[in-house]
2 protein chains.
Amino acid sequence: MTENSANLRGAESTDDVRSAAPLKHVQTIDFVGPIVLELGISLPRVTCAYETWGQLNGDASNAVLVCHAITGDSHATRHDENDDAGWWEQLIGPGKAIDTDRFFVVCPNVLGGCRGTTGPSDIDPLSNPPKPYGASFPRITIADMVGVQKRLADHLGVKRWRSIVGGSLGGHQAMTWVTRYPGSADSCVIIASSPRLSSQSLGFDIIARNAIQSDPNFAGGQYYDKPQRPDTGLAIARMLGHITYLSSEAMADKFDPDRHDPRQIASGFEQQFSVGSYLAHQGEKFTTRFDANSYVTLSMALDLFDLGSTRLQLMEAFDEADSSFLVISFSSDWLFPPSQSRDIVAALAALDKQVTYTEVTSTAGHDSFLVDREIGQYAPIIEARLGKVDRSPLTLTRLEEFILSCIPSGLSVLDLGCGDGNLMAALRERGHEKLVGVEVAQDNILKAASRGLNVIDYDLNTGLPAFIDNQFDFIVLSSTLQAVANVAELFDEMLRVGKRVVVSFPNFAYRTLREDYVVRGRSPRAPGEFNYCWYDTPNRRFPSIADVMDLCREKNVTVEQEIYFDSATQTQIWPDDDPNLNAETAILVLSR
Amino acid sequence: MTENSANLRGAESTDDVRSAAPLKHVQTIDFVGPIVLELGISLPRVTCAYETWGQLNGDASNAVLVCHAITGDSHATRHDENDDAGWWEQLIGPGKAIDTDRFFVVCPNVLGGCRGTTGPSDIDPLSNPPKPYGASFPRITIADMVGVQKRLADHLGVKRWRSIVGGSLGGHQAMTWVTRYPGSADSCVIIASSPRLSSQSLGFDIIARNAIQSDPNFAGGQYYDKPQRPDTGLAIARMLGHITYLSSEAMADKFDPDRHDPRQIASGFEQQFSVGSYLAHQGEKFTTRFDANSYVTLSMALDLFDLGSTRLQLMEAFDEADSSFLVISFSSDWLFPPSQSRDIVAALAALDKQVTYTEVTSTAGHDSFLVDREIGQYAPIIEARLGKVDRSPLTLTRLEEFILSCIPSGLSVLDLGCGDGNLMAALRERGHEKLVGVEVAQDNILKAASRGLNVIDYDLNTGLPAFIDNQFDFIVLSSTLQAVANVAELFDEMLRVGKRVVVSFPNFAYRTLREDYVVRGRSPRAPGEFNYCWYDTPNRRFPSIADVMDLCREKNVTVEQEIYFDSATQTQIWPDDDPNLNAETAILVLSR
């Protein structure tokens, strides 16, 4: 294996490159019980270890809670230049997206872990003679972790977090916070997480626990006074976890080039292949810094997390949450795949919660949330959610002005293909409150989100399953119709979700196009949306105004308003002036 | 867990529902050595266990070799009504795709296994006192398994197999046969296999072996005389394998409904979730019928299989093979994903080997090759490859006749979007030998393959990476241009791979369309390829003859021949008679 391989980091696992040394800067607070846990057992007392950065302001309104993943800890970022780097170093710090010059950032170690907060390796205060909990540590849930964090918030004087931010298990904690404690946060940022584990992911966790618990050195969890610990089982669990944190593509990039040339390491595990020596190294290293009982405790808590499997169950779970939400997933994450984030978003959208969602294109798998390149992609959107909003003055196109004129003030609007959010920003200026955008281009999503708008990353070709019947007064579909494959289905979906639909589209029977076609004998082109070469146009549907009117008749759709205009002459064309010939662009208001 | 769950079968694992009882109908043959293995060690003797069905004919030309997967055995199908079902019961038998009324079918157990052929659990003839090989069984390769099968073929009097058919590790055996022993088979059927394992799949195998070998009861492989066997490690290995055989979607279907309601089974493994009790049950059951040393031996042989990672390496590997090939993959197989089968196909195609490829749409994951529904989909194409060819008389369309007229006899042709293979069949009748079709519709692939044609399942929007420069005299792209997204790239690709390109397309500037457009003011329609409604047409490009001519000029493409005709009047339009207005359809022969 090449020297480079030493730098390979599987990254729930960013922590893997860190030492097992005690953390500096850790503060602790003891909560004396009994502390009743969700499944009925009590703990007599709980110590909570945490780190903080920045200063809490006078009205305690600038506190941000950061929740770590399963094998993470409180050291999210460095405290000073001499400090070790943290696991979210690129995201948190002075001038960074989570700006410690502006925010009071708190990161607690979780209950059940082994990095400061009470867990199975700590002494059971009720034992005599004193001995660690071991297997007698109660089964805990994520709600129990969050319960301890709530006590910490009370201790710190934080009544409402500016934001609760977490990735993976940290995302599950964030969701638990806002569903268990409505009113606890302005915003909730859920990264690479899910409403519950897929059965596949659950299966991997179960195998990992079976490997630990069937290691003879596990001794039913009471191994602390034994000469041997269940290192073999824990290492196997870690190897397995590691594969699930990476994508197949990322593993190919890392291990294919030197597949048959394993790094020579001291290990009892197989070292036939480079990927094998790497996994063995990572697995064995993990045993020097993590406790097997903690791993079992935390992974079981993760597996028990279950907001439900149906839209209705998820809606019930989030019903009382009053935060705004930012949900981020990664295209190559197969442990918590984007489809699971979309389920969360669909429930939130159906509940009219403020929600922005983006799927970051990435090859790094679940680990993406900890990888610098991907952090670089999603950090700006977190920064926007934390209040850094672009309020540049707006310039509206003529088309946008016409569309605005069709929408009575104050009504709710869903803008499909919202681009950079210009129209939505104009609607907001006019006082509309309930505004949601849908967009697929990541740069546009970022721009719209940076304006403080709610925008959802969503492919219109799959219909509008995120939204419920009559959820919006108006749906806008502007300059997008001609690029959609499933036009008829989208029409039905828009008229299901919106009371009225404003659709604007370029008219394919416009005089200039007809002339171009007849005169040149070529696929028609004219300045505007149809100014593309036939073989690389993004358009795939070429309707005239008459075509769309036909479709409306077929579907029993009422055309309530018609606006036509000609950009070339900057004139509006009236309905009795043959718009199908004379208008370049049509705006129709439809209802059913 | 519901009673239904008892029927859940993860299916490399179809074997899981079978007893561990000794197989009836097994024959054995001893080969006395020394038998030199690929990695240099010798075995003094090898017993090969196998089963046969049907009768070998007089010239030994009807023998079919069936190769089993990693935990399979020789019992591929039943021998009579009272016999146990086999693992490929639906594929093999009287009147089935592999028809035991016509073929002499042979299925040997593999070297290194534990179901009859010599493996680690057998007595080492050189030991004194006699004891099983255990860990002293040499490391073997798939070539060694195939070497034993070659001796079996010699024993049976089979010089050339009619076909060698295998799925998963069976596919790797089939590839090894035809690459190591050119001339050994008329056809090679490779199902759910790969040129080598992905690093991800390799990682899972390594973890499985680590679990077995670190089980204290493994005792370095010398456990046969011990009271305990490494059942825990083997069970964990099996659980892990099981997940990789299923897709996430299949697991959701199976385990989501009763996730928190595990079946009560006697097990030391965790049983908190239904998927957990299922995996525990499958894992423990496996230990009653399979030997841990065999599992390690066979999975290592699989992992060492490596035909290369580049096209050139794969071309070198297959260079001397003289079989025809049928390659089958499954869309949801993530252990041996379709991209790996496409790599095999690309190498074979570049070598001008006879190859047909289909990707079966399936949710059953890697297991698909053993699942009845999916067997139902791919069995007909195997039947065709084994010689059941449809030679119905051909009826050609006028368009097809014109295209045929452009292609001088005897030249090689690649037909892109070949449909049911009608044009290719006509070319074959005319004596063309090198003919390859490309198609994406599964029903068309089956129809073309049933005609004995070679057709490759392939998306034209990704270019033509399976083919090399100037590989064909002619490329045909008939009535497909208007449905392709990346037209310009495809033009370049066609002119790279073919010396000449025959492209036929409907003319969007045809008089009837122009009239329809001008008169009706609607997206033009006319009988033929453009007779679709604007919102659900499969077409996405709308070029006129003049447009395509423009593109040819831009790309410095020479138009060598032009044929235009009008279906409505059944007349040919001459180039000086304004075909861009008068011709409904154009056929151009292009070169660069």
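Residues numbered from 1 in each chain as written. Chains lettered and ligands numbered in written order. Predicted model: local features only at pLDDT ≥ 70, side-chain atom pairs only at ≥ 80, totals over all residues. Heavy atoms only, no water.

Quick note on the threshold: UniProt positions are given in the numbering used here, feature names are shortened, and annotations may be inferred rather than shown by experiment.
Per an unreviewed UniProt entry, chain A goes by Homoserine O-acetyltransferase and derives from Rubripirellula reticaptiva. The Sequence similarities (unreviewed entry) comment attached to chain A in UniProt states, word for word, "Belongs to the AB hydrolase superfamily. MetX family." Looking at the Catalytic activity (unreviewed entry) heading of the UniProt record, one finds this comment for chain A: "L-homoserine + acetyl-CoA = O-acetyl-L-homoserine + CoA".

**Details of the relation of the copies chain B and chain A**
This is how it is decided: Here the copies are matched by least squares. The fit uses the C-alpha atoms of residues with pLDDT of at least 70 in both. Contact between two residues is taken to exist if any of their heavy atoms lie within 4.5 Å; hydrogens are not considered.
For these two chains of identical sequence, chain B goes onto chain A by a turn of 180° and a shift of 0.0 Å along the axis, with RMSD 0.0 Å. Here the two chains are linked by the operation of a two-fold rotation axis. Among all C-alpha atoms of chain B, that of Arg540(B) lies closest to the rotation axis, at 2.4 Å. Both copies share a contact surface, since 100% of the interface residues of chain B are interface residues in chain A too.

**With respect to the pattern of salt bridges**
The condition is simple: In what follows, salt bridge is the name for a side-chain nitrogen of Lys or Arg lying within 4 Å of a carboxyl oxygen of Asp or Glu. In this description a helix means any DSSP run of H or I spanning at least four residues, a strand means any run of E spanning at least two, and both kinds are numbered starting from the N terminus.
Going through the model one piece at a time under the given rule, you end up with 50 salt bridges over all chains. A salt bridge links Arg160(A) to Asp186(A); the shortest N-O distance between them is 2.5 Å. One end of the pair, Arg160(A), is in the loop between helix H1 (142-156) and strand E7 (161-167); the other, Asp186(A), is in strand E8 (residues 185-191), with 26 residues separating them in the sequence. The residue Arg342(B) makes a salt bridge to Glu359(B) at a minimum N-O spacing of 3.3 Å. Residue Arg342(B) is located in helix H9 (residues 338-350), and its partner Glu359(B) is located in strand E10 (residues 355-360); the two are separated by 17 residues in the primary sequence. The network of salt bridges with common partners includes Arg196(A), Asp306(A), Asp256(B) and Arg259(B).

**Section: the UniProt feature "binding site: substrate" (unreviewed entry) in chain A**
Residues and elements named next belong to chain A. Quick reminder of the rule: The cut-offs for exposure are 20% and 50% of the maximum accessible area for each residue type, with area from a 1.4 Å probe on protein chains only; residues under the lower value are buried, those over the upper are exposed, and the others partly exposed.
Those residues carrying the UniProt feature "binding site: substrate" (unreviewed entry) are Arg238 and Asp367 in this numbering. The greatest C-alpha distance among the residues just named is 14.1 Å, despite their covering 130 residues of sequence, which places them together in space. Its location among the elements puts arginine 238 in helix H4 (residues 231-245). For arginine 238, a relative accessible area of 1% gives the class buried. Along the polypeptide, aspartate 367 turns up in the loop between strand E10 (355-360) and helix H10 (372-385). Residue aspartate 367 is classed as buried on the basis of its relative accessible area, which comes to 1%.

**Here's the deal with the interface of chain B and chain A**
The cut-off we apply is this: As a working definition, buried area equals the accessible area (1.4 Å probe) given up by two parts on being put together, with both sides summed. Each polar contact in these results corresponds to two N or O atoms within 3.5 Å; when the atoms are within protein, one needs to be able to donate a hydrogen and the other to accept it, and residues that are neighboring in sequence are counted only if both atoms are side-chain atoms.
The interface of chain B with chain A comprises 76 residues on the first partner and 76 residues on the second. Between chain B and chain A the total buried area reaches about 6400 Å² when both faces are included, carbon and sulfur atoms providing 59% of it. Counting across the interface, chain B meets chain A through 6 salt bridges. The partner of Arg196(B) in a salt bridge is Asp256(A), and the shortest N-O contact between them spans 3.9 Å. On inspection of chain B and its partner chain A, the count reaches 30 residue pairs in polar contact (both at pLDDT 80 or more). At the level of elements, helix H3 (199-213), helix H4 (231-245), helix H5 (248-255), helix H6 (274-287), helix H7 (292-304), helix H14 (487-497), helix H15 (511-520) and helix H16 (545-554) of chain B are the ones that each hand at least two residues to the side of chain B that touches chain A. Examining the composition of the side of chain B that touches chain A, we find that 11 residues originate from one element, H3(B), more than from any other.

**A few points about the pairing of E7(A)**
Residue and element names in this part refer to chain A. Using the following cut-off: The criterion for strand pairing is that DSSP finds at least two bridges linking the strands in question.
Most of E7 is tucked away: 6 of the 7 residues are buried. For strand E3 (residues 63-67) and E7, the ladder comprises 4 bridges, and the chain directions are parallel. Paired with leucine 65 across the bridge in E7 is isoleucine 164. Summarising the sheet, E7 and E8 pair through 6 bridges and their orientation is parallel. When the bridges of E8 are listed, isoleucine 164 appears paired with cysteine 188.

**Some thoughts on a nonpolar patch on the surface**
Rule in force here: Patch definition: residues above 30% relative accessible area lacking any salt bridge, with like charges linked at up to 9 Å and the nonpolar side chains Val, Leu, Ile, Met, Phe, Trp and Tyr linked at up to 5 Å. Calculation of accessible area relied on Shrake-Rupley with a 1.4 Å probe; when residues are assessed, cover is drawn exclusively from the protein chains displayed.
Judged by side-chain polarity, Val518(A), Val519(A), Val518(B) and Val519(B) come together as a nonpolar surface patch covering roughly 370 Å² of accessible area. Put simply, the parts of the chain that give the nonpolar patch at least two residues each are helix H15 (511-520) of chain A together with H15 of chain B. Assignment of secondary structure puts Val518(A) in helix H15. The class for Val518(A) is partly exposed, based on a relative accessible area of 37%.

**Notes on the state of the cysteines**
Here, the word disulfide means a covalent bond between the sulfur atoms of two cysteines. Heads up, the condition is: In this description, the term disulfide denotes a pair of cysteine sulfurs within 2.5 Å.
A complete count under the given rule lists 0 disulfides over all chains for this structure. The closest cysteine sulfur to the non-disulfide-bonded Cys107(B) is located on Cys67(B), 7.4 Å from its own sulfur.

**Looking at the UniProt feature "active site" (unreviewed entry) in chain A**
Residues and elements named next belong to chain A. Sites flagged by UniProt as "active site" (unreviewed entry) map to Ser168, Asp333 and His366. These annotated residues cover 199 residues of sequence, and their C-alpha atoms lie no more than 10.7 Å from one another, placing them together at a single site. As for its placement among the helices and strands, aspartate 333 is situated in the loop between strand E9 (324-330) and helix H9 (338-350). Looking at aspartate 333, the relative accessible area reads 2%, which means it is buried. Ignoring sequence-local partners within four residues, the contact set of aspartate 333 consists of Ala192, Pro338, Gly365 and His366. At 2.9 Å, the side chain of aspartate 333 forms a polar contact with the backbone nitrogen of phenylalanine 336.

**Focus on the side chain of Arg209(A)**
Within the element layout of this structure, Arg209(A) appears in helix H3 (residues 199-213). Looking at Arg209(A), the relative accessible area reads 0%, which means it is buried. Ignoring sequence-local partners within four residues, the contact set of Arg209(A) consists of Val296(A), Ser299(A), Met300(A), Asp303(A), Glu270(B) and Phe273(B).

**Some thoughts on the packing of helix H8 (residues 311-318) of chain B against H9(B)**
Residues and elements named next belong to chain B. Spelled out, the test is: Geometry is summarised by axes, namely lines fitted to C-alpha atoms with helices restricted to the contacting stretch, and by angles between N-to-C directions that run from 0 to 180 degrees. Each helix crossing is assigned a hand: it is left-handed if the near helix lies turned anticlockwise from the far helix by less than a right angle, otherwise right-handed if that turn is clockwise. We call Asp, Glu, Lys and Arg charged. Ala, Val, Leu, Ile, Met, Phe, Trp, Tyr, Cys and Pro are nonpolar, and the rest, Gly among them, are polar.
Where H8 contacts H9, the two axes come as close as 9 Å, and the packing angle between them is 65°. Crossing geometry of H8 relative to H9 is assigned as right-handed. Across the interface between the two elements, Arg311, Leu314, Met315 and Phe318 of H8 pack against Asp343, Ile344, Ala346, Ala347, Leu348 and Ala350 of H9. Here the contact of H8 with H9 is composed, by residue class, of 8 nonpolar, no polar and 2 charged.

**Regarding the packing of aromatic side chains**
The criterion, for reference: Planes of paired rings set the category: under 30 degrees apart is stacked, over 60 is edge-to-face and the rest tilted, where pairs are Phe, Tyr or Trp rings (Trp by its six-membered ring) whose centres lie within 6.5 Å. For a Lys NZ or an Arg CZ to count as sitting over a ring, it must be within 6 Å of the ring centre and within 35 degrees of the ring normal.
This structure, assessed with the given rule, holds 48 aromatic pairs over all chains. Arranged with centres 5.9 Å apart and planes meeting at 45°, the rings of Phe218(B) and Tyr223(B) form a pair that is tilted. Between Tyr223(B) and Tyr224(B), the aromatic rings sit 4.5 Å apart at their centres with planes inclined by 40°, giving tilted as the arrangement. Its relative accessible area of 16% is what places Tyr224(B) among the buried residues. Three or more aromatic residues joined by ring pairs make a cluster, and in this case those are Phe508(A), Tyr517(A), Phe530(A), Phe542(A), Phe508(B), Tyr517(B), Phe530(B) and Phe542(B). Of note, Lys150(A) hangs over the ring of Tyr181(A), and the distance from its end group to the ring centre comes to 5.6 Å. The ring of Phe472(A) is capped by Lys434(A), whose NZ or CZ atom sits 4.9 Å from the centre of that ring.

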